Amino acid sequence: MFSFFKKKTVTPEATPPVAAPASVPAAAPVSPPASATPDSSLLDFEVETAARPEPKQSWMSRLKAGLSKTSANLSVLFVGARIDDDLYDELEAALLMSDAGIDATQYLLDALKRKVKEDKLLDAAAVKGALKELLIDLLRPLEKSFELGRHQPTVMMISGVNGAGKTTTIGKLAKHMQAHGQSVLLAAGDTFRAAAREQLMVWGQRNNVTVVSQESGDPAAVSFDAVQSGKAKGTNVVMIDTAGRLPTQLHLMEELKKIKRVIGKGMEGAPHETLLVIDGNTGQNALAQVKAFDDALQLSGLIITKLDGTAKGGVIAAIARVRPVPVYFIGIGEKIEDLQPFNAAEFVEALLG
Ligand SMILES: Nc1nc2c(ncn2[C@@H]2O[C@H](COP(=O)(O)OP(=O)(O)OP(=O)(O)O)[C@@H](O)[C@H]2O)c(=O)[nH]1
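Residues numbered from 1 in each chain as written. Predicted model: local features only at pLDDT ≥ 70, side-chain atom pairs only at ≥ 80, totals over all residues.

The chain goes by Signal recognition particle receptor FtsY in an unreviewed UniProt entry, where it is assigned to Pseudoduganella armeniaca. Among the UniProt annotations of the chain, the heading Subunit (unreviewed entry) holds the following wording: "Part of the signal recognition particle protein translocation system, which is composed of SRP and FtsY. SRP is a ribonucleoprotein composed of Ffh and a 4.5S RNA molecule." Under the Catalytic activity (unreviewed entry) heading, UniProt states for the chain: "GTP + H2O = GDP + phosphate + H(+)". (UniProt positions renumbered as here; feature names shortened; annotations may be inferred.)

I'd like to hear about the overall build of the chain, residue by residue, with values.
A count of helical and extended segments in the chain gives twelve helices and ten strands. Residues counted as buried form 45% of the 353 residues belonging to the chain. Long-range contacts, defined as pairs at least 24 residues apart, comprise 81% of the intrachain contacts of the chain with a sequence gap of at least 6. (Helix = DSSP H or I, 4+ residues; strand = E, 2+ residues; numbered from the N terminus. Buried ≥ 20, exposed ≤ 12 C-beta atoms within 10 Å, placed from the backbone. Contact = placed C-beta atoms within 7 Å.)

Before we move on, could you go through helix α4 (residues 101-118) and cite the residues and values that matter?
Its 18 residues give α4 an end-to-end C-alpha distance of 26 Å, which sits within 8% of 26 Å, the value for a rise of 1.5 Å per residue. Downstream of α4 by a residue or two, Lys120 has a phi angle that is positive, lying close to 50°. (Expected span 1.5 Å × (residues − 1).)

Describe the site of the ligand, and please don't skip the residues or the numbers.
With respect to spatial proximity, 21 residues lie near the ligand, and among them Gly165, Thr167, Thr168, Gly244 and Gly331 are the closest. Its residues placed into classes, the shell around the ligand shows four nonpolar, eleven polar and six charged. (Near = placed C-beta within 6 Å. Nonpolar A, V, L, I, M, F, W, Y, C, P; charged D, E, K, R; others polar.)

Quick one: what's the story with the pairing of strand β8 (residues 301-305), residue by residue and with numbers?
The buried count for β8 comes to four of five residues, which makes it a mostly enclosed element. Alignment of strand β7 (residues 273-279) against β8, held across five bridges, turns out to be parallel. What sits directly across from Leu276, in β8, is Leu302. In this fold, β7 hands off to helix α10 (residues 284-297), which returns the chain to β8; that crossover is right-handed. Note that β8 and strand β9 (residues 327-331) share three bridges and pair parallel. For Ile304, the partnering residue across the bridge sits in β9 and is Ile330. For the crossover that starts at β8, traverses helix α11 (residues 315-322) and ends in the parallel β9, the hand is right-handed. (Pairing = 2+ DSSP bridges. Right-handed = clockwise from strand over helix to strand, strands pointing away.)

Break down the environment of Arg150 for me, citing the residues and quoting the values.
Counting through the fold element by element, Arg150 comes out in the loop between β2 (147-148) and β3 (154-159). In this structure the C-alpha to C-alpha distance between Arg150 and His272, which are 122 residues apart in sequence, comes to 9.3 Å.

Tell me about the UniProt feature "domain: SRP54-type proteins GTP-binding" (unreviewed entry) in the chain, and name the residues and values.
The UniProt record marks residues 326-339 with the feature "domain: SRP54-type proteins GTP-binding" (unreviewed entry), using the residue numbering of this structure. Taken end to end, residues 326-339 is 0% helix and 43% strand, and its two terminal C-alpha atoms sit 16 Å from one another.

Can you lay out the domain arrangement of the chain for me, pointing to particular residues and giving the numbers?
Domain assignment breaks the chain into domain 1 (56-142) and domain 2 (154-343). Its C-alpha centre places domain 1 at a distance of 32 Å from the equivalent point of domain 2. Listed as interface residues are 21 residues of domain 1 and, on the opposing side, 26 residues of domain 2. Elements supplying a minimum of two residues to the side of domain 1 that touches domain 2: α1 (56-66), α2 (68-75), α3 (85-97), α4 and α5 (124-139). When the residues that make up the side of domain 1 that touches domain 2 are grouped by side-chain class, the tally is 13 nonpolar, four polar and four charged. (Domains from an automatic or database assignment.)

Shown next, in the form of structure tokens:
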């Protein structure tokens, strides 16, 4: 069976009536204005593929193709190679070039040398196999199934720097969730960019997803109202989009903390998922983002996008060593089926297979 999400039986939430903070103005679900540009392409992926399970092989070949830039330097190393210092030097360089970082690179090299000695490995194919095992062991703790149905609604807050792929990813997830029978409500928490809001509304109308929006003002208020609306309507999932920001913009990081606190006032225990979307293309910078957003928000998971366009996919090893926040999904393209759950064995197979 195609497993994108794990489903749990709904446990009724203890939901004492919570009054909106005085500073939070009300926002209503907004229908797109008649003049909203219908040709918006931001979230214009192939919707109908959401409900169609992709054969496993097809995903593996797409994953391989997607990761080819990262795997290029790694997989060639072992072809007809002798097991000597040159091989280890080349491996070190390849791992560093993939943005695995010094810590993970050193860890993998030390562990590999030990294994080669202990297991008396003599040929390059066996050493490559040993590296695969070590890498899977390193990345496996990042695997985590995304659970739906534990809360009513499941509230997700999504953050990240500008252009990381937040809105696109939210659109893809919404379609996947609908395909799994979940009703979805979106909060357009990006109150800075009118265009972003409008595009989300147009997309929501086209795809039968309610979008809670507000023309100006407080993103915390929009988020609060979305949670209230989700509770009132019995929606399964509420996804809260936030405006892109850099971790160095301290006032905007404070704003994110406030949004999270206000979501918690709207529903006890929410947000149930505090997610960071990172652009895999940014390598070590993405690691810095994970640290900063995790410090501010205590992340529950990551979504790594754009692994298809990068030679820096090794950053996931750096994350595993330095700040092991679970990776729920990885993105290897712009189509809806290009966002899939992260699986360590599949990922390593695509890199070194
Ligand atoms: N190649 C590739 N492109 C992607 C992927 N995910 C998202 N994109 C593209 O990245 C671009 C930025 O995505 P957005 O969803 O607008 O990013 P955002 O984080 O919402 O941006 P802001 O609203 O500016 O904060 C879009 O052109 C997406 O199509 C992916 O996995 N692979």
